[in-house]
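Here's the letter readout for the chains.
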Amino acid sequence: MYDVIVVGARCAGSPVAMLLARRGHRVLLVDRASFPSDTISTHYLQQSALLRLREWGLLDQLLATDCAPIRHMTLSYRDLIISGFAEPVDGLDFSMAPRRTVLDEILVRGAVAAGVEFRESFSVRELVWEDGRVAGLRGRDANDRFVEERATLVIGADGRNSIVANLAGAEFYKVVPPACFIYYSYFSGLEWDFHSRFGVGEQCAGWPTHDGLTVVAAMRRLDAFDEFRADIDGSLRTVFRNVAPELAEDLDAHGVQADRYYGIRYPDNYYRASYGPGWALVGDAGNHKDPVTGQGIADAFHGAELLAERVDQALSGQRPMEEALAEYQRLRDESTQTVFDLTTAVAELDFPPELVMVLSALPGNDRARRMFFGLLAGVVPAAEFFSPENIGAMLSTAAA
Ligand SMILES: Cc1cc2nc3c(=O)[nH]c(=O)nc-3n(C[C@H](O)[C@H](O)[C@H](O)COP(=O)(O)OP(=O)(O)OC[C@H]3O[C@@H](n4cnc5c(N)ncnc54)[C@H](O)[C@@H]3O)c2cc1C
């Protein structure tokens, strides 16, 4: 019998398991993948996520890999170009885009070092119900045996198609249909900092990762999916030519493709009820949005921390589990709502006029620009950046 079983061992699951084990709880962590393991993601990590890794004592392991630090960002929307970077936070003056084979392995090892029992190649198939509450799970282990494990709480950190959420009947309460798809690959020969460039109904992007490689990505609206994938390489280069011709030229002249293309039609953006009797959800399982604002991993880390703290309070008898989990969901929603709305608006690849007005005020205003990059770094709260006072001040400076 465990205190907690966590299903899914990546950005949400390993941290929540690690943080609970560090507080003395008996935790089983399972994942159907075996690690190191890749997953579809362009893996950009904001400073807020790096700060959490540092707090958890895991950042040095990431820095010991050859992942390139990023210290300059260029964003553009049609003719409007904004470049710069966030102010250093607690001495941290860079972001990074580590491959998931590297990042997720560090997270899993962090959980195991904290005392978590980890079983990979373990595929969860069923929840165990007892007296109307989840009491454990059943699944196939690495030896193809069907096994049952029991716990006070089962946490689904099992991503967008969460089996825990589906079997627990977790209801969706805010759903925004997807707007786009993405194709990306890895190229050598490019010396790009971070670029995220938006044109009319299309976006191109790129940033450095490990091994001297650059992630190179193109996004378009869903109605262009069939046309795009008929010639993925040609379509991606066309998006770059349309949106950022200087990057397109560099890509054609110096880029050497080092991996295959990965693509996905984005699923819905959503919030899902994230707790019930004997179960809870964290990470994409409970809240997912288009990756255009690069927040999924940082949000998964933050959610893991919020949840671990409250589950610990309940397991140590300080408060009822249901009350603790309700607070977790409320705090998660409060802290992600504004960026969720911003993300779903930006993902349309046709920004609302109010957003264009705000962005247009940035190039000539150093303070506002630094704050904007702080927002992208996850260290300036969205509610503060988009507060009527701040927006009013930015617009009047721009008018003056
Ligand atoms: C194309 C793309 C690009 C992205 N780019 C970025 C980016 O640049 N920056 C960013 O911050 N975010 C990005 N994201 C989002 C980010 O990848 C997710 O938010 C993040 O991976 C969520 O982590 P998670 O731990 O909740 O879920 P996941 O990473 O999905 O992990 C879920 C785990 O659960 C396991 N699992 C599932 N079902 C079972 C089962 N039945 N039994 C056992 N195990 C199971 C899976 O094997 C998996 O390991 C991107 C997403 C996509 C699709």
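Residues numbered from 1 in each chain as written. Predicted model: local features only at pLDDT ≥ 70, side-chain atom pairs only at ≥ 80, totals over all residues. Heavy atoms only, no water.

Moving on: the overall build of the chain. Looking only at helices and strands, the chain features 14 helices and 19 strands. Over its C-alpha atoms the chain spans a radius of gyration of 21 Å, differing by no more than 12% from the 21 Å that the globule rule assigns to 400 residues. Considering only C-alpha atoms, the chain reaches an extent of 60 × 45 × 40 Å along its principal axes. Burial statistics for the chain: of 400 residues in total, 57% are counted as buried. By sequence separation, contacts in the chain at least 24 residues apart represent 72% of the contacts at least 6 residues apart. Carbon and sulfur atoms make up 49% of the accessible area of the chain, which totals about 16,300 Å². (Helix = DSSP H or I, 4+ residues; strand = E, 2+ residues; numbered from the N terminus. Rg over C-alpha atoms; globule rule 2.2 N^0.38 Å. Buried < 20%, exposed > 50% of the residue type's maximum accessible area, 1.4 Å probe, protein only. Contact = heavy atoms within 4.5 Å. Areas by Shrake-Rupley, 256 points an atom, 1.4 Å probe, with all protein chains shown as cover.)

To describe two helices that pack against each other, one gives the angle between their axes and the distance between the axes. Packing of helix α9 (residues 296-315) against helix α10 (residues 321-346) leaves a shortest axis separation of 9 Å and a crossing angle of 160 degrees. Classed by the angle they form, the pair α9 and α10 counts as roughly antiparallel. Regarding α9 and α10, the two cross each other, and that crossing is right-handed. Residue-level contacts link Asp 299, His 302, Gly 303, Leu 306, Leu 307, Arg 310, Val 311, Ala 314 and Leu 315 of α9 to Met 321, Ala 324, Leu 325, Glu 327, Tyr 328, Leu 331, Arg 332, Ser 335 and Thr 336 of α10. Taken together, the residues of the contact of α9 with α10 sort by class into 10 nonpolar, four polar and four charged. (Axes fitted to C-alpha atoms, helices over the stretch in contact; angles between N-to-C directions. Parallel < 35°, antiparallel > 145°, perpendicular 65-115°, else oblique. Left-handed = near helix turned anticlockwise from the far one by under 90°. Nonpolar A, V, L, I, M, F, W, Y, C, P; charged D, E, K, R; others polar.)

Bridging between strand β6 (residues 123-130) and strand β7 (residues 133-140) involves seven bridges; their strand directions are antiparallel. When the bridges of β7 are listed, Trp 129 appears paired with Val 134. Here β6 folds back onto β7 in antiparallel fashion, the turn holding two residues, of which Asp 131 has a positive phi close to 50 degrees. Bridge count for β7 against strand β8 (residues 146-156) is five bridges, and the pairing is antiparallel. The residue of β8 that forms the bridge with Arg 138 is Glu 148. What sits between the antiparallel neighbours β7 and β8 is a turn of five residues, in which Asp 144 has the positive phi angle 65 degrees. (Pairing = 2+ DSSP bridges.)

Let us now look at the site of the ligand. Looking at the ligand, there are 31 residues lining it, with Arg 10, Asp 31, Thr 42, Tyr 44 and Ile 297 nearest. Taking Tyr 44, its main chain carries an N or O atom lying 2.8 Å from an oxygen atom of the ligand. Within the contact set of the ligand, an oxygen atom lies 3.2 Å away from a backbone nitrogen or oxygen of Gly 296. Contact with the protein chains hides 94% of the accessible area of the ligand, taken as 1,000 Å² for the molecule alone. Within the residue set of the shell around the ligand, elements represented by two or more residues are β6 and α9. (Near = heavy atom within 4 Å. Polar contact = N/O pair within 3.5 Å; in protein donor to acceptor, adjacent residues only side chain to side chain.)

A separate point is unusual backbone geometry. Backbone torsion omega between Phe 35 and Pro 36 reads 0 degrees, so that peptide bond is classified as cis. Among the structural elements, Pro 36 can be located in the loop between β2 (27-30) and α2 (47-55). Its identity as a non-glycine residue notwithstanding, Asp 144 has a phi of 65 degrees, on the positive side. Turning to its location among the elements, Asp 144 is positioned in the loop between β7 and β8. Phi angles above zero are rare outside glycine, and Leu 349 is one such case at about 60 degrees. Inspection of the secondary structure puts Leu 349 in the loop between α10 and α11 (353-360).

What follows is about the packing of helix α1 (residues 13-22) against helix α4 (residues 100-113). Their axes nearest at 8 Å, the elements α1 and α4 cross at an angle of 20 degrees. The angle between α1 and α4 places the two elements in the roughly parallel class. Between α1 and α4 lies a crossing whose hand is left-handed. Counted together, Ser 14, Pro 15 and Met 18 of α1 and Leu 107, Val 108, Gly 110 and Ala 111 of α4 form the full contact between these two elements. When the residues that make up the contact of α1 with α4 are grouped by side-chain class, the tally is five nonpolar, two polar and no charged.

As a further point, take the domain arrangement of the chain. The figure often quoted for interface size is the accessible area lost as the parts come together. Partitioning the chain into structural domains gives domain 1 (2-43 + 99-176 + 267-346), domain 2 (180-265) and domain 3 (353-399). Taking only C-alpha atoms, the centre of domain 1 and the centre of domain 2 are 31 Å apart. Counting residues at the interface gives 13 residues for domain 1, matched by 15 residues for domain 2. Counting the surface lost from both domain 1 and domain 2, the interface buries some 1,000 Å², and carbon and sulfur atoms represent 60% of this. The interface formed by domain 1 and domain 2 holds one salt bridge in total. Across the pair Arg 99 and Asp 259 runs a salt bridge whose closest N-O atoms are separated by 3.9 Å. Counting every contact that joins domain 1 to domain 2 gives five residue pairs in polar contact (both at pLDDT 80 or more). (Domains from an automatic or database assignment. Buried area = accessible area lost by both parts, 1.4 Å probe. Salt bridge = Lys/Arg side-chain N within 4 Å of Asp/Glu carboxyl O.)

What follows covers α11. Residues Leu 355, Val 358 and Leu 359 constitute the buried set of α11. Take α11 and look down its axis: the buried residues cluster within an arc of 95 degrees, on one side only. Exposed positions of α11 whose direction lies more than 90 degrees from the buried face are Pro 353 and Glu 354. (Arc of directions from axis to C-beta.)

Another point: the state of the cysteines. In the structure shown here, the tally under the stated rule is zero disulfides. In this structure Cys 11 is a free cysteine whose sulfur lies 14 Å from that of Cys 67, the closest cysteine sulfur available. Cys 180 carries a free sulfur, and the closest cysteine sulfur to it, the one in Cys 204, is 13 Å from it. (Disulfide = S-S within 2.5 Å.)

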